[in-house]
Amino acid sequence: MAYSSIRIGSIFGIPIRLHITFLIALPLFVWVFGTTFFPASELTLLWGFLLSIGLFTGVTLHELAHSYVAKKNGVPIESITLLPIGGVSQMGDVPEDPNIEMRMALAGPLTSILIGAVLLLFALPFSDSEIANFFAVLGSINIFLGIFNLLPAFPMDGGRVLKTKLAKRYRYDIATRKAVSVGHAVAMIMFLFGAFTLNIFLMLIAIFIYVGGSEEERQTSIYYGIKNLKVKDVMRSEVDCLKEYEKVSDSIEELLRTKHIMYPVVDRDGYYLGIVTLDQISKVPKEEREALLVKDIMATTEPLSPEMSAKEAIQKLSRGGLNRLPVVDNEKVSGIITIGDIIRVAQILNT
Ligand SMILES: [Zn+2]
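Please read all numbers here as calculations on a predicted model, not as lab measurements.

1. Concerning unusual backbone geometry
- Looking along the chain, the bond that leaves Phe154 and enters Pro155 is cis, with omega of 10 degrees.
- Here Pro155 shows up in the loop between α4 (130–149) and α5 (157–167).
- Look at Phe12: it is not a glycine, yet its phi comes out positive at around 55 degrees.
- Relative to the helices and strands, Phe12 resides in the loop between β1 (5–11) and β2 (14–19).

2. What to know about the sheet that holds β1
- Taken in spatial order, the four strands line up as β1-β2-β3-β4 in an open sheet, and their pairing is mixed. Two strands lie at the open edges of the sheet, namely β1 and β4 (86–91), each paired on one side alone. Taken pair by pair, the neighbouring strands of this sheet meet at an average axis angle of 25 degrees, ignoring direction.
- The sheet contact formed by strand β3 (residues 77–83) and β4 spans six bridges and is antiparallel. Paired with Ile77 across the two strands is Met91, which belongs to β4.
- Across the face of the sheet, helix α1 (residues 20–37) comes into contact with β1, β2 and β3 while running at roughly 55 degrees to β2.
- Here helix α2 (residues 44–72) sits on the sheet in contact with β1, β2, β3 and β4, set at roughly 160 degrees to β3.

3. Section: the environment of Ser334
- Within the secondary structure, Ser334 is located in strand β9 (residues 332–338).
- Under the C-beta neighbour-count criterion, Ser334 is labelled buried, with 20 such atoms within 10 Å.
- Along the primary structure Ser334 and Asp267 are separated by 67 residues, whereas in three dimensions their C-alpha atoms are 15 Å apart.
- Residues contacting Ser334, with those up to four places away along its chain left out, are Ser237, Pro306, Val327, Val328 and Asp329.

4. What to know about the nonpolar core
- Counting 31 residues, the largest nonpolar core has Ala153, Phe154, Ala187, Ala206 and Ile209 as its most contacted members.
- Going through the elements one at a time, β2, α2, β3, α3 (98–123), α5, α6 (172–196) and α7 (200–226) are the ones with two or more residues in this core.
- Top element by residues in this core is α6. It accounts for six residues.
- Those residues in contact with Ala187 that lie beyond four places of it in its chain are Ala153, Ala206, Ile209 and Tyr210.
- Residues Leu317, Val327, Ile342 and Ala346 belong to the second largest nonpolar core, which totals 15 residues.

5. Here's the deal with the environment of Phe191
- Examined against the element boundaries, Phe191 turns out to sit in helix α6.
- In this structure, the C-alpha to C-alpha distance between Phe191 and Ile207, residues 16 residues apart in sequence, is 7.4 Å.
- Not counting residues up to four positions away in its chain, the partners in contact with Phe191 are Met203 and Ala206.

6. A word on α2
- The first and last C-alpha atoms of α2 sit 42 Å apart over 29 residues, in line with the 42 Å expected at 1.5 Å per residue.
- Trailing α2 by a residue or two, Gly74 shows a phi angle of about 80 degrees, which is positive.

7. A closer look at the domain arrangement of the chain
- When its domains are assigned, the chain resolves into domain 1 (2–226) and domain 2 (231–349).
- Computed over C-alpha atoms, the centres of domain 1 and domain 2 are 43 Å apart.

Analysis parameters
Residues numbered from 1 in each chain as written. Predicted model: local features only at pLDDT ≥ 70, side-chain atom pairs only at ≥ 80, totals over all residues. Helix = DSSP H or I, 4+ residues; strand = E, 2+ residues; numbered from the N terminus. Pairing = 2+ DSSP bridges. Axes fitted to C-alpha atoms, helices over the stretch in contact; angles between N-to-C directions. Contact = placed C-beta atoms within 7 Å. Buried ≥ 20, exposed ≤ 12 C-beta atoms within 10 Å, placed from the backbone. Core = buried A, V, L, I, M, F, W, Y, C linked by C-beta atoms within 7 Å. Expected span 1.5 Å × (residues − 1). Domains from an automatic or database assignment.

Quick look at the structure:
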């Protein structure tokens, strides 16, 4: 998400980002809004442009409302990204409290409905003019946005509200699964409706809901699977290490034999020093492989400990970019762990 979007500013310390597809879709919005709501105006495209900007300001305020309530409840907010089909807030772990989550979910749609109502009031003094039409249309769009988001189509806001209701009766991951099933059904109806009315936009949203729901269900199920797991429960204990004083040329023989993409490096007494990756080895020019030692190309990466929770391990692994790290206990290498290992065990435990 970070690479495909541009930062346009920040509010309450929350960076607001614009997804590049948004810029591609903007002219389309301008044209559709202009020709739909101001077909007879001399300023059709200007009104279309103002409606588009107005709509996405509304979407931003909707997302800010979610983020504001989240932040007040201690949830870290990374950023808000605006996509052509709406806004998405990237946030940290939401506490497992149905009441907090319900307030977070409702804040967005209620804000949209409130903004819509205020805009409709703005329309009143300008009776029958294009300005009145502008406020009336923008107000109605915001109210529609609020109500549409309240559909029980997880991961949309209404689906999240449904999940918090279910979470009062079922375990959290089961509540999520049930809410996702309802969301899938709504998404399918929406898709068919979009197909019959040739509304591509609605079909896109339906796909977004369907895929987004499945993804969140998968994550919740993994999270529940690993909740009580530690690194030592999941790691592989057979490890091939390289010695710091080995020549790079010798390490290549080891590499051809074992075919790993990462090796922990140990000193003479077997104590952990760092890691060498396949990538690092292959970057050493052929003529230097005899002269260079493993310790010359090694990276001093911080390893994981066997007692660390699997959840924390996943965070460190995904941040590292290598997807695998050595596990070190009392300065000696005791295993290797990959994200794949954790997810596999989590899925087995949760079926
Ligand atoms: Zn929302």
